[in-house]
Every structure is written in structure tokens, then in C-alpha cells.
Amino acid sequence: MGWEEKQVRGYPEFVQTAQRYHGRPIFALFCGDKDAAGRSWCPDCVTAEPVVRKELHNMPDESVFIYCLVGDRTYWKDPNNEFRKNLKLTGVPTLLKYGTPQKLVEEECFKAELVRMLFTED
Amino acid sequence: VQAHKEDKPQKLLEMNGHTSVPYSYNYDLIVIGGGSGGLAAAKEAAKYEKKVMVLDFVVPTPLGNSWGLGGTCVNVGCIPKKLMHQAALLGQALEDSRKYGWQFTEEVKHNWMTMTESVQNYIGSLNWGYRVSLREKNVTYENAYGEFVGPHTVKATNKRGVEKLYTAERFLIATGERPRYLGIPGDKEYCISSDDLFSLPYCPGKTLVVGASYVALECAGFLAGLGLDVTVMVRSILLRGFDQDIANKIGEYMEEHGIKFIREFVPIKVEQIEEGTPGRLKVTAKSTTGNQIIEGEYNTVLVAIGRDACTRKIGLDKVGVKINEKTGKIPVNDEEQTNVPYIYAVGDILQDKLELTPVAIQAARLLVQRLYGGATSKCDYVNVPTTVFTPLEYGACGYSEEAAVQKFGEENIEVYHSHFWPLEWTVPSRDNNKCYAKIICNIQDN
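Source: prediction; values computed, not measured.

All names here are of chain B. Considering all chains together, one arrives at 34 salt bridges over all chains under this definition. For Glu274, the salt bridge identified is with Arg280, shortest N-O distance 2.5 Å. Arg280 gets classed as partly exposed once you look at its relative accessible area, which sits at 29%.

All names here are of chain B. Taking strand neighbours across the sheet as the criterion, the four strands line up as E12-E11-E10-E16 in an open arrangement whose pairing is parallel. Of all the strands in the sheet, just strand E12 (260–263) and strand E16 (300–303) have a single pairing partner and so form its edges. Mean inter-strand twist for the sheet, computed between neighbouring axes without regard to direction, equals 20°. Sitting on the sheet, helix H7 (residues 214–225) touches strand E10 (207–210), strand E11 (230–234), E12 and E16, and the angle it makes with E11 is about 165°.

Our next topic: the interface of chain B and chain A. Each side of the interface is counted separately: chain B has 10 residues, and chain A has 12 residues. Buried surface at the junction of chain B and chain A, summed over both partners, amounts to about 1000 Å²; 58% is from carbon and sulfur atoms. At the boundary of chain B and chain A, one finds two salt bridges. Arg135 of chain B is the partner of Glu113 of chain A in a salt bridge, and the nearest nitrogen-oxygen pair spans 3.1 Å. One can count three residue pairs in polar contact (both at pLDDT 80 or more) joining chain B with chain A. Counted by class, the side of chain B that touches chain A contains two nonpolar, three polar and five charged residues.

Residue and element names in this part refer to chain B. Per the UniProt entry, the sites bearing "binding site: NAD(+)" (unreviewed entry) are Gly211, Ala212, Ser213, Tyr214, Val215, Ala216, Leu217, Glu218 and Gly306 in this numbering. In terms of the greatest pairwise C-alpha distance, the residues named above, spread along 96 residues, form a tight cluster of at most 13.4 Å across. Mapped onto the fold, Ser213 is located in the loop between E10 and H7. Accessibility expressed as a relative area gives 22% for Ser213, which makes it partly exposed. Each residue touching Ser213, except ones within four places of it in the same chain, is listed here: Leu239 and Ala304. In terms of polar contacts, Ser213 uses its side chain to reach the backbone amide nitrogen of Ala216, at 3.1 Å. Mapped onto the elements of the fold, Ala216 is located in helix H7. Relative accessible area serves as the criterion here: at 0%, Ala216 is assigned to the buried category.

Moving on, we come to the UniProt feature "binding site: FAD" (unreviewed entry) in chain B. Residue and element names in this part refer to chain B. In this structure's numbering, the residues bearing the UniProt feature "binding site: FAD" (unreviewed entry) are Lys82, Gly146 and Asp348. For the residues just named, distributed over 267 residues, the greatest C-alpha separation reaches 30.1 Å, placing them at more than one site. Classification of Gly146 as buried rests on a relative accessible area of 6%. Contacts of Asp348, omitting those with residues within four sequence positions, involve Gly176, Glu177, Lys329, Glu355 and Leu356.

So, how was this worked out
Residues numbered from 1 in each chain as written. Chains lettered and ligands numbered in written order. Predicted model: local features only at pLDDT ≥ 70, side-chain atom pairs only at ≥ 80, totals over all residues. Heavy atoms only, no water. Salt bridge = Lys/Arg side-chain N within 4 Å of Asp/Glu carboxyl O. Buried < 20%, exposed > 50% of the residue type's maximum accessible area, 1.4 Å probe, protein only. Pairing = 2+ DSSP bridges. Helix = DSSP H or I, 4+ residues; strand = E, 2+ residues; numbered from the N terminus. Axes fitted to C-alpha atoms, helices over the stretch in contact; angles between N-to-C directions. Contact = heavy atoms within 4.5 Å. Buried area = accessible area lost by both parts, 1.4 Å probe. Polar contact = N/O pair within 3.5 Å; in protein donor to acceptor, adjacent residues only side chain to side chain. Nonpolar A, V, L, I, M, F, W, Y, C, P; charged D, E, K, R; others polar. UniProt positions renumbered as here; feature names shortened; annotations may be inferred.

Laid out in C-alpha cells, this is it:
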């Protein structure tokens, strides 16, 4: 079946989508919002996204890749935002395997080998 | 030999006095065992830009349990042990808290699954962290069982049975230990060990702990602290190798706090009465001092009678590494070198050395610094502080009273001691005559 991508924005939409695919491997990339021209306020996210997308074919069959925009810069900086509180995210970009402690944060997402390891790790 | 043609480290060999012939090994260093010692060595060697491989493989327990990269301490030792000990301490703290003014009406109960899931989640993050760390430092890691097949050569077999051969200039054996079983009917089918306890997917219930090692007493301690019915079956003495005066105080404290002890008995048979999670087991035991036989029923039997070094099935005979045939431990010189000059060893498998994570890490780092960094410092294995996390926690550094008497002679030893009442124990009216400290002095040291 291969894999599929879902694009979401904000915490409630993320949770709803993750719950809908319960039982399948779920990987999520969290990035800062993009402006009308498609540019994110988060420069590291701009660097990481193409690296991650290039490795998506390594995900196991039936995987769901959730591309999640977390919000604007002010929302993200708030230490009590739902992503920080509930998902324990510490930075953007974050790439994680949902439901496991496996994740890559910030510059770790720039490294194709680490991204590949996350997607293929047992 | 598999082809690994890129970037081979060069090693020049003199042959019959003629000019050197270049010989290429796949790696500068292959580490067998990805635990405290092995990983510390691999990461340190990577700092010197050496080509390093780590082979780590967990042979599943008799009940089929396994775990990720990081070794005993991270997965089935210090880390989950201390977290579960903390869980038990928090139970005690909740009780104490009422005397400190905290008011709550609900009865406090413990949920094994909640605790175990949290602990396993943390361990999972450590396993992952090590994977990332090795990858970032360009250390090659394979989840495969390493064994020597000839000089400078290991065979790595992964869980699918695929075999690969690798060569290296030097090797580090850091394979650690695994729990010993009783060798009685029913032991492997029905008993668990510390390898199974920390990820047990159901509450163990009424538990018999067989053994009197620190593993046995620490586990008995936290299981009882979580509210379970715990019995400890001891063959002879408690905490062999530790100060016996202290060991007995620890035992007494545990007994006074609800843990049952059956002294001078050993199990001879374990049978299953009923399957389940947990099931019901019948344990038959024989006295070590007579012919008396007793029986007991438990939900879980935890065997903690000792650990054996993983040195007998890694092909050491193929490369001539000598081991102590009786104990399986590897004797090394003060530079962690085995009798084979290019093979080193570190960690719990060493003969006559303390089996502690920080010791393995320190020895590993210093070894690598000597091999590749021109350093000369050797690991000091004496005077290492250690703690036993029994309900009455025990910290020690240096000689036990028995060891001091043996080494220096009773007439040369003076012991200063005192009971003390920790300030935090006063308000909740906890025991005022249990905590104890002693200093063992050699009179000749003034």
C-alpha cells in the first residue's frame, strides 16, 4: 500500500488525525507556520523539510506521515503551548515516530542518515 | 571475508625482516557488547577518528524477553531498578506527608502498568539516544551477535541468522553478564529474573524472591514498597561480599517492614498450579541444614542468585583468550589487556574487579585514551563508592569490616560508629534507631 501524507495545522487537528490512524506506524514532522509566499518563520524547518521528504520512501508500508504546522512564532515561544505541554516538544523542527520515544530535534533533522534510521528502526 | 573496501585502516607488518607489507583491517577497533563499557569505549575511540564498530545483541530470556542498545544498566539494571525504588519511596513519602500537613482523603494505590510503561518509555529514549549518538560519531553499529572465528576476525550474526565477517586491529570484549538460573525443574519455564521484571506486562502479585544478592534485596524491597506480598528465600548469608554487620541490619529492617524471610532453604522444584498473568506457582524447598521440606504458593518467582559472564560462547578459544574456567571471568592486567595483546576487556566480565557502570565507563575511556591518545593513566579500581538501594539505603566506600580485619589484622582496626535519626524521619515518627554509620580505620594510619 505504501505510505500516505496528511497535512494538519494546530494541536487539536494533529491529535485528531493521529488518533484516526491508530494501529499504523505514524511519523510526524512539526514545523513553524508558513507565510503567504510559503516561507516558514523557522529557518531550520526550511532546511529540514526537503531532507525529510527525500527519505519518506524508507518508511514502512502502511505508514502515515503527518506534516504539522504548529503555529506562528509567538505561539511557539509560549512555554505552555499544547505541543510543548502534551507532546513534550522542545524545538522545531521535530521529526518523531508517534507513540515511541524516538525523535530527532532541530539540526538532527538535517542529517539524512538519522532521518533514514528513524524511518527504518525496528 | 566480506568485501569492505572503502577506507581500510592500514597496518604495516614486518615479514622476515623484509620491507613492510601493508595489511588492511576493516576497523581499528571492534567492540563486542554495547553496554556501559562498550559504548564508552566506542564513543571515545571515535573522538580520535578511529574506525569503530559496535556489535550488540541481546539473547532473549527463557521467557522470550529482549531489549535495545545500552546494556544491562540501562535496560535491566541500575536505571529501571532505581526508578522502581523511587516509585516505592514515593509511596512511603505519601504516607509521611500526612504528618507534614498534606491532606487527602483518597486511598492511595499503586498501578504496576502505569509505572512500568513510564520506565520502559524512558529506557526507550535512552536506547534511541545511543543509536543517534553512535550514528553522529560515525561509529558503525550492528544489532548482531559477535564471536571470534580466528585471529583478528569476528563473525556477526543478526537476528535473521545472516552472518558477516569483520576484521580489526584491536578488539574490546564488553559482553557483560546474564542472570544465573537454579537448575531445578520448572526454573526456566516458570521463574522470571531481573531481565524480565522491569518490563513485566502484568503486576507480579505475591512474589517469592530467591537469592540474597543486592539484586534480590533491592527488588524485594521495591516490590514490597509498592504494596506486594514479598518473601525472600535465602540459602545462607545476605549480601555476600558486603559488610555483614550492615547486611544484617538491612535484612532486619526489611523484615520489620513486612518482607518475609525464609532462611537456609533452597528451592528444589517449581510447578505451575494455574496459568495466568500472573499465574499461580507452587515452590518446593529443602532446608540446607536438615531434611525439612516446605511448600509455598506464589504468583511470581523471581530468581536472583547471581550473574554469569557471557564469555563461554564468543569463540575466545579460537583466539586463545584465557578465561577463569570456573567463573567465566576474564583476567586482565592493569591495562585491561587479556593474554592476547590485541584483545582487551572491560566491565562486569573482568576477574576481581568491581561490577559497576561508572567503573566500566572509566576503565573504557582511560583504555582508549592510552591506546589512541598517548595517555598513561590507568583505572583505579579501589575505593569506589557504591550504593545498595534496599529500603534502608546503604552507601559504602572501601573495605568492609571483615575485609579490613583480614587485610590488616583485627588488632590494627578501630571502628567508629553511630546510630542516627535523619531529621526528615522525625516528624513522621519513622524509626529512630535504624540509620547507622561507621568508619573503619587502620590504627597504623594514625
